[in-house]
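# Working through the structure, step by step
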Amino acid sequence: MEINTLVTTQRLWRADIQRYAQEASVRSSSQIGFWQEHHRKDAMAVEALNTLPVRSEEIRSLATLHILQGDAADAHRVRDAITAFADAPDFELEEERNHPGAREHAAEQARTHAAWGDLAHYRLVDVPDMPDQQAIVMVNPILEEPGVRERLEEGQQHLRAFALFHWAEKSFEEHRVADAMTIEQGVASARSLDDGSLFQSTADDDQVSIRRGAVAGAAAVVAAFAPTSPNSGWAREVLACAADCPEEGGPLWSSVGIVSWHHVIFVARAAAADLRRDPASKRHAADLLATLTHPLDNVGLATSAMLAFLWDVAPRVCWVGLGLALDLCIFAPGDIGPNSMHDPNAGAEARQRKLNAALAKLDLDAAPLPIPPPPWTATAAEDPRRVDRLPDADDEGVSAPTHWRAADGWWRSDRAGEILAKQPARAILAAGFEAPFVSFCEAMLAWTIERRAPAWASRVRDVDRADVMEWTHRLDVLGVVVGLIEPKRAEAGFITPICAVEEEEACFDLLTPLVTMFICQHVLDSADVAPITPLVLERSLNRLLAAPTFSRTAYRAGELHGFSMPQLARWLMFVGVEKAALAHRFSNGDWSDIDLILPTVNRFVRSAGWAPTVMEDFLTLAERAREHFPADAFADAVVAALSARADPGARWRGTMIAARIASRVQDIADRSSPLPLALGQKLLGILDTLVDQGDRRSAALQVSPAFRDLRVAAADGADAGQ
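Note that the structure is a prediction, hence the values are computed from the model and not measured.

## With respect to the packing of helix H25 (residues 612–624) against helix H26 (residues 631–642)
Between H25 and H26, the least distance of the axes is 12 Å, while the angle of their chain directions is 170 degrees. When the axes of H25 and H26 are compared, the pair comes out roughly antiparallel. Taking contact as the criterion, the partners of Met615, Phe618, Leu619 and Ala622 in H25 are, on H26, Phe634, Ala637, Val638 and Ala641. Of the residues assigned to the contact of H25 with H26, the class counts are 8 nonpolar, no polar and no charged.

Structure (structure tokens):
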């Protein structure tokens, strides 16, 4: 294609403008999938392509060079061709020619592009800070058309609103006024966006919603960081209007919609800042708690997150707020209707009633946190809501068993899980609420066990699976609590009930989050390992090894199924996270305290190392801790795993396990040269077994200098010799 054709084809102009507008998103989205270390080369190659200078250029810029070139005849041809765009609007589809709106849009675009071909639209301007140079700029006359100017002004207003919102958001993230604007500039921008009716009821409009959030954000910044400024009166007035602004519904409104710029979130931010300055103020507490009852989930969740940072100054308000947030997740029959998720007014009366009850608790002793009603209720066999699959009569036909259905009402387990996950367990216990909070955790664990594995279900298929997975995995807060309370209560209240769950999937879905969080909080990140650590690791490993898959005669023995069981195995082998620079031990690369976990690791690999997944995790641990992992412990563990079956390593075929073991043996031999006789014999025995499995690397290692003069000890105990 000739270069003139490239710059004189109107459809290419339109396509190139679309391409240019999408460059920023393409640069980030093209890196999707590159998340492992071996992907780095590919990621760098893609990034190099994305950052080529040519990608920041446009056809319009190239066209300008041809319009202003020195060849007058060629420049004239290019200008005529571009000017002719106005006479031939470009349509992507033939049907657009018969659509008035499409024709009008195409004609406007054609006039916009055609203006580039007229020399009268180019100007010479001085370059700032460079007095000896001038630049050529193009001033498009279409900007003077009323419709275009209106859209430009609307776009500029939208950009100002977003800039103001991001300034407010960043200010609260940094806990100071962000550098992008001063208080005065932010207030001036907010005033230009508010015509006095911004927070009055109107049709559901995204543009209005964003402006509301931006203006409320600016007011919240003033209230939080400049409460004594001359603009504080304006800020308080705006926040009051924002708090009273009714939530508009619409065909696409949903209570689970994510509106990160919602104005009530900034009302809550301002109230939280006020409460931190004056923790005894009932008015500030009421203002903050009221935002919990907003019909949008993400507003209430944002308030819950703010309360989580106030335990050090207003623990009683935080406790009441936590109780209110959890209570709002429980819906009694009649509180809401069938279309409640799309109606902002649904359940308003119940929310207000619960708020009033919570405010009354501010002056009372700490009340227990709310627990959902029992998950199941007895029912008749013919009830269509019945969920059990129990027979209608026993084998003799004498009596019919009790049948069950889900209890009336509704519990928002997903929202309750998010609320609980945001709460700082350490701060709650330090604030003096250990007894009621631990009791709440024990009660919710018992509730969850009954929901996932009810006592009346003698078999897994006797009950439909309960859909509380999000809540179950959010119970990792138990892992924090277990390490902070008295060990006997932790064992009796949490460890024993979970390990006693016979239904395997339910048990590991509860145990894995607890163990994961416990190891992260009280082993990896803590300077002092929690005293209960050996008990948690022992009981958890006992329950995992009791799984039928670790019975050598089981069907598909050694295969770890589902999501939770493999995760639990990885964490009990301490390879759940590879790099965490701020950790205190292990995951930060410092394995000098490996003696803390060796008893658990050795027992695990000796008992179940014949299972490929377990041995792979063990080898990962040995590779990461190669500087500190005792060579004798590694050799003994591998020998025990190879001796666990009549056919050692049979289940390892088709994996890299043999090669990885040989690699570790070679590393140990190189690092411990000359090898002690006992250790060398163990390693040589491992290589002999691997050679029998067909591993060539092991065969080569046997004749290496490190092992050349060693031989395996005779079976009758004769001298091994050298």
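The structure having been displayed, the exposition proceeds.
## Thoughts on the nonpolar core
With 140 residues, the main nonpolar core has Phe437, Phe494 and Phe618 as its most contacted residues. The contacts of Phe618, once residues within four sequence positions are left out, are Met573, Val601, Val605, Phe629, Phe634, Ala637 and Val638. Membership of the second largest hydrophobic core comes to 37 residues, among which are Phe165, Ile210, Ala214 and Phe266.

## Some remarks on the packing of aromatic side chains
In this structure the tally under the stated criterion is 18 aromatic pairs. Taking 4.7 Å as the distance between ring centres and 70 degrees as the angle between the ring planes, the aromatic pair formed by Trp411 and Trp447 counts as edge-to-face. Of the two residues, Trp411 sits in strand S6 (residues 410–411) while Trp447 sits in helix H17 (residues 425–452), which places them 36 residues apart along the sequence. The class for Trp447 is buried, based on a relative accessible area of 8%. Summarising the aromatic geometry, the rings of Phe618 and Phe634 are spaced 5.7 Å apart at their centres and angled 10 degrees between planes, so their arrangement reads as stacked. Placement of Phe618 in helix H25 and of Phe634 in helix H26 is noted, with a sequence separation of 16 residues between them. What makes Phe618 buried here is its relative accessible area of 0%. Residue classification places Phe634 among the buried positions, given a relative accessible area of 0%.

## Brief notes about helix H5 (residues 72–83)
In a regular helix each residue adds 1.5 Å, so 12 residues correspond to 16 Å; H5 covers 16 Å between its end C-alpha atoms and thus fits that length. Every buried residue of H5 is accounted for by Asp74, Ala75, Val78, Arg79 and Ile82. Angularly, the buried residues of H5 cover 135 degrees about the axis, an arc narrow enough to put them on a single face. In H5, those exposed residues whose orientation departs by more than 90 degrees from the buried face are Ala72 and Arg77. Capping the start of H5 is the job of one residue whose side-chain oxygen sits 3.3 Å from the backbone nitrogen of Ala73: Asp71.

## Remarks on the pairing of strand S2 (residues 130–138)
Note that strand S1 (residues 122–127) and S2 share 6 bridges and pair antiparallel. Paired with Val127 across the strands is Met130, a residue of S2. Taken together, S1 and the strand that follows it, S2, pair antiparallel across an intervening segment of 2 residues, in which Asp129 is found at a positive phi of about 65 degrees.

## Here's the deal with the confidence of the model for the protein chain
Chain-level statistics for the protein chain give a pLDDT mean of 89 and a share of 94% at 70 or above. Within the model, the stretch residues 714–722 combines pLDDT values under 50 with 9 contacts to residues more than four positions away or in other chains.

## Quick look at the pattern of salt bridges
This model, assessed by the stated rule, comprises 45 salt bridges. Its salt-bridge partner being Asp16, residue Arg19 comes within 2.7 Å of it at the nearest N-O pair. Taken together, the residues span about one helical turn, with Arg19 and Asp16 both in helix H2 (residues 10–29) at a distance of 3 residues. Residue classification places Arg19 among the partly exposed positions, given a relative accessible area of 26%. Salt-bridge contacts for Glu174 lead to Arg176; the nearest nitrogen and oxygen are separated by 3.3 Å. On the basis of relative accessible area, Glu174 is assigned to the partly exposed category, the value being 29%. One salt-bridge network, in which partners are shared between bridges, spans Arg626, Glu627, Arg664, Asp667 and Arg671.

Procedures and definitions
- Residues numbered from 1 in each chain as written.
- Predicted model: local features only at pLDDT ≥ 70, side-chain atom pairs only at ≥ 80, totals over all residues.
- Heavy atoms only, no water.
- Axes fitted to C-alpha atoms, helices over the stretch in contact; angles between N-to-C directions.
- Helix = DSSP H or I, 4+ residues; strand = E, 2+ residues; numbered from the N terminus.
- Parallel < 35°, antiparallel > 145°, perpendicular 65-115°, else oblique.
- Contact = heavy atoms within 4.5 Å.
- Nonpolar A, V, L, I, M, F, W, Y, C, P; charged D, E, K, R; others polar.
- Core = buried A, V, L, I, M, F, W, Y, C linked by side-chain atoms within 4.5 Å.
- Buried < 20%, exposed > 50% of the residue type's maximum accessible area, 1.4 Å probe, protein only.
- Phe/Tyr/Trp six-rings, centres within 6.5 Å; stacked < 30°, edge-to-face > 60°.
- Expected span 1.5 Å × (residues − 1).
- Arc of directions from axis to C-beta.
- Polar contact = N/O pair within 3.5 Å; in protein donor to acceptor, adjacent residues only side chain to side chain.
- Pairing = 2+ DSSP bridges.
- pLDDT = per-residue confidence, 0-100.
- Salt bridge = Lys/Arg side-chain N within 4 Å of Asp/Glu carboxyl O.

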